[in-house]
Amino acid sequence: MKHEAFDQFVPFPGISEHIYSARDFAAVRELVYEVSANVLPPNKSTLVYSRLAPLVRNSGLGTFSAYIGKLKADPAERHKAVCALTTNHTAFFREDHHFDHFLETTRPDLLRKLAAKQSVRLWSAGSSSGEEVFSLCMTLLGPDKLEARRLLTSDLAVLASDLADHVLVKARKAVYDADALAPVPPNLRALWVKEDGKGGGTIADPIRELVRFRSLNLMGPWPMKKPFDAIFCRNVMIYFDQQTKDDLVARFADQLIPGGYLYIGHSERVSGPAAARLELVGKTIYRKIR
Ligand SMILES: C[S@@+](CC[C@H](N)C(=O)[O-])C[C@H]1O[C@@H](n2cnc3c(N)ncnc32)[C@H](O)[C@@H]1O
């Protein structure tokens, strides 16, 4: 990782350099990059302080420097700290043009495959707290109960993965408040949300049972053997440097069936050697050519 100058480092107001220093921020930054490839720019020094201060306190070590020593020696604590530093913002039907494309273009092919008893595999990579994958499942299964029942008994598998444990806990619970559920189209909501009577609700059991939520660091090995028909990896690569993005996109291309789709975030682009294997077919939507 290139080290930017630390002249932008803003010491946390009122915190002694003895407790948290520019050197500590640099060490955390290095460690987070090594584990997760997330690049923390210098203006995140305050965020690092506020997210890690509770962990430093719990450890009883008193200073960031001592806590960083623990992080280097203790993989479980390191994982906890890296999880605490992830950005998990997400929403139901976020970037809804992807779901329009999936409904109009991808879904009909997938339905034909399922009807022909072929397998269909979908992956939300960097799923955060589940809103993305549940939006995808609702779009695939649709508002018709009978059709959905047929699809649910076919060879359909949906994976949702994230590095951060706390978002996976929330995703598995699948309980959302009224604001979170507001973007869900009413016809899909009627079938796929168990209302709590206060505007919020829980995702219906058939979808919860369909999705396998897994802890997975995209920088590590991927245990999945079978290829995917579509991969959603949106607003994850923005935190990576260019080489990491290029390598990751190449791995996604390997993991897609020919003709499979890769959906990425609105500010992201496919680049690097894999660009030759993925054609742009819509706004931030790519189709694997070979
Ligand atoms: C901003 S959220 C995006 C959620 C969702 N895809 C969306 O667009 O709404 C980014 C997610 O990527 C996850 N993430 C970051 N680095 C990761 C890595 N190396 N491996 C797996 N997940 C990672 C974070 O934990 C976070 O939940």
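Keep in mind that what you see is a predicted model, and the values were worked out from it rather than measured.

(A) The environment of Ala 157, seen in detail. By the secondary structure assignment, Ala 157 is in strand β2 (residues 156-162). Exposure remark for Ala 157: the relative accessible area of 13% places this residue in the buried category. Put simply, Ala 157 and His 101 are 56 residues apart on the chain and 20 Å apart in space, counted from C-alpha to C-alpha. With residues near it in sequence (within four places) discarded, Ala 157 still touches Val 120, Arg 121, Leu 122 and Arg 212.

(B) Geometry of the nonpolar core. Counting 41 residues, the largest nonpolar core has Phe 134 and Met 138 as the members making the most contacts within it. No other element matches helix α6 (residues 131-141), which puts 7 residues into this core. Apart from residues lying up to four places away in sequence, Met 138 is in contact with Phe 92, Phe 93, Val 184, Leu 188, Trp 192, Val 193, Ile 203 and Ile 207. In terms of nonpolar packing, the next biggest core, distinct from the first, is built from 25 residues, Phe 228, Met 237, Ala 253 and Leu 278 among them.

(C) Seen up close, the site of the ligand. Close to the ligand lie 22 residues, the nearest being Thr 90, Arg 94, Gly 126, Asp 162 and Asn 235. Residue Asp 162 places a side-chain N or O atom 2.6 Å away from an oxygen atom belonging to the ligand. In the model, a nitrogen atom of the ligand is placed 3.3 Å from a nitrogen or oxygen of the Leu 163 main chain. When isolated, the ligand has an accessible area of 600 Å², and the protein chains bury 99% of it. If you map the ligand onto the pockets, it falls in the largest pocket. By residue class, the composition of the shell around the ligand is 7 nonpolar, 11 polar and 4 charged.

(D) Up close: the pairing of strand β8 (residues 256-264). Of all 9 residues that make up β8, 7 are buried, and the element is covered over most of its length. Running through helix α12 (residues 242-255), the crossover from strand β7 (residues 228-233) to the neighbouring parallel element β8 is right-handed. Pairing of β8 with strand β10 (residues 285-288), which is carried by 3 bridges, proceeds in the antiparallel orientation. If you follow Tyr 261 over to β10, its bridge partner there is Arg 287.

(E) Representation of the layout of surface pockets in the model. Its volume calculated, the largest pocket comes out at about 410 Å³. Lining of the largest pocket is provided by 27 residues; of these, Thr 87, Gly 126, Asp 162, Asn 235 and Val 236 occupy positions nearest its centre. Of the residues assigned to the lining of the largest pocket, the class counts are 9 nonpolar, 14 polar and 4 charged. Here the second largest pocket is characterised by a volume of approximately 200 Å³. The wall of the second largest pocket is formed by Arg 121, Leu 159, Arg 212, Arg 214, Ser 215, Leu 216, Pro 223, Met 224, Lys 225, Lys 226 and Phe 228. Per-element accounting of the lining of the second largest pocket gives the leading share, 3 residues, to strand β6 (residues 211-215). Class assignment of the residues belonging to the lining of the second largest pocket gives a composition of 5 nonpolar, 1 polar and 5 charged.

(F) Geometry of the packing of aromatic side chains. This structure, assessed with the given rule, holds 15 aromatic pairs. In this structure, Arg 251 packs its charged tip against the face of Trp 222, placed 4.0 Å from the ring centre.

(G) Region of interest: the packing of helix α2 (residues 45-59) against helix α3 (residues 64-73). Across the interface, α2 lies against α3 with an axial gap of 10 Å and an inter-helix angle of 80 degrees. Compared by their axis directions, α2 and α3 come out roughly perpendicular. Judged by residue contacts, Val 48, Tyr 49, Leu 52, Ala 53, Leu 55, Val 56 and Ser 59 of α2 engage Phe 64, Tyr 67 and Lys 70 from α3.

(H) Molecular detail of the sheet that holds strand β3 (residues 175-176). The strand order across the open sheet formed by 3 strands is β3-β5-β4, and the pairing between neighbours is antiparallel. Looking at the sheet topology across the chains shown, the edges are occupied by β3 and β4 (193-195).

(I) Seen up close, the domain arrangement of the protein. If you check the domain split of the protein, you get domain 1 (6-84) and domain 2 (97-288). Spacing between the C-alpha centres of domain 1 and domain 2 amounts to 32 Å. Each partner contributes residues to the interface: domain 1 has 9 residues there, and domain 2 has 10 residues. Summed over both partners, the interface of domain 1 with domain 2 buries about 800 Å², with 55% contributed by carbon and sulfur atoms. Considering only the side of domain 1, the residues that lose the most area to domain 2 are Ala 37, His 79 and Cys 83, jointly responsible for 46% of the buried surface there. Here domain 1 and domain 2 share 0 salt bridges between them. Taken together, the links from domain 1 to domain 2 amount to 4 residue pairs in polar contact (both at pLDDT 80 or more). For the side of domain 1 that touches domain 2, the secondary-structure elements that each account for two or more residues are α1 (22-36) and α4 (75-84).

What counts, and where the lines are drawn
- Residues numbered from 1 in each chain as written.
- Predicted model: local features only at pLDDT ≥ 70, side-chain atom pairs only at ≥ 80, totals over all residues.
- Heavy atoms only, no water.
- Helix = DSSP H or I, 4+ residues; strand = E, 2+ residues; numbered from the N terminus.
- Buried < 20%, exposed > 50% of the residue type's maximum accessible area, 1.4 Å probe, protein only.
- Contact = heavy atoms within 4.5 Å.
- Core = buried A, V, L, I, M, F, W, Y, C linked by side-chain atoms within 4.5 Å.
- Near = heavy atom within 4 Å.
- Polar contact = N/O pair within 3.5 Å; in protein donor to acceptor, adjacent residues only side chain to side chain.
- Areas by Shrake-Rupley, 256 points an atom, 1.4 Å probe, with all protein chains shown as cover.
- 1 Å grid on protein atoms, 1.4 Å probe; cavity = no way out; pocket = protein on both sides within 12 Å on 5 of 7 lines; lining within 4 Å.
- Sits in = over half its atoms within 2 Å of the grid points.
- Nonpolar A, V, L, I, M, F, W, Y, C, P; charged D, E, K, R; others polar.
- Right-handed = clockwise from strand over helix to strand, strands pointing away.
- Pairing = 2+ DSSP bridges.
- Points joined across faces, edges and corners; volume = space filled by probe spheres on them.
- Phe/Tyr/Trp six-rings, centres within 6.5 Å; stacked < 30°, edge-to-face > 60°.
- Lys NZ or Arg CZ within 6 Å of the ring centre and 35° of its normal.
- Axes fitted to C-alpha atoms, helices over the stretch in contact; angles between N-to-C directions.
- Parallel < 35°, antiparallel > 145°, perpendicular 65-115°, else oblique.
- Domains from an automatic or database assignment.
- Buried area = accessible area lost by both parts, 1.4 Å probe.
- Salt bridge = Lys/Arg side-chain N within 4 Å of Asp/Glu carboxyl O.

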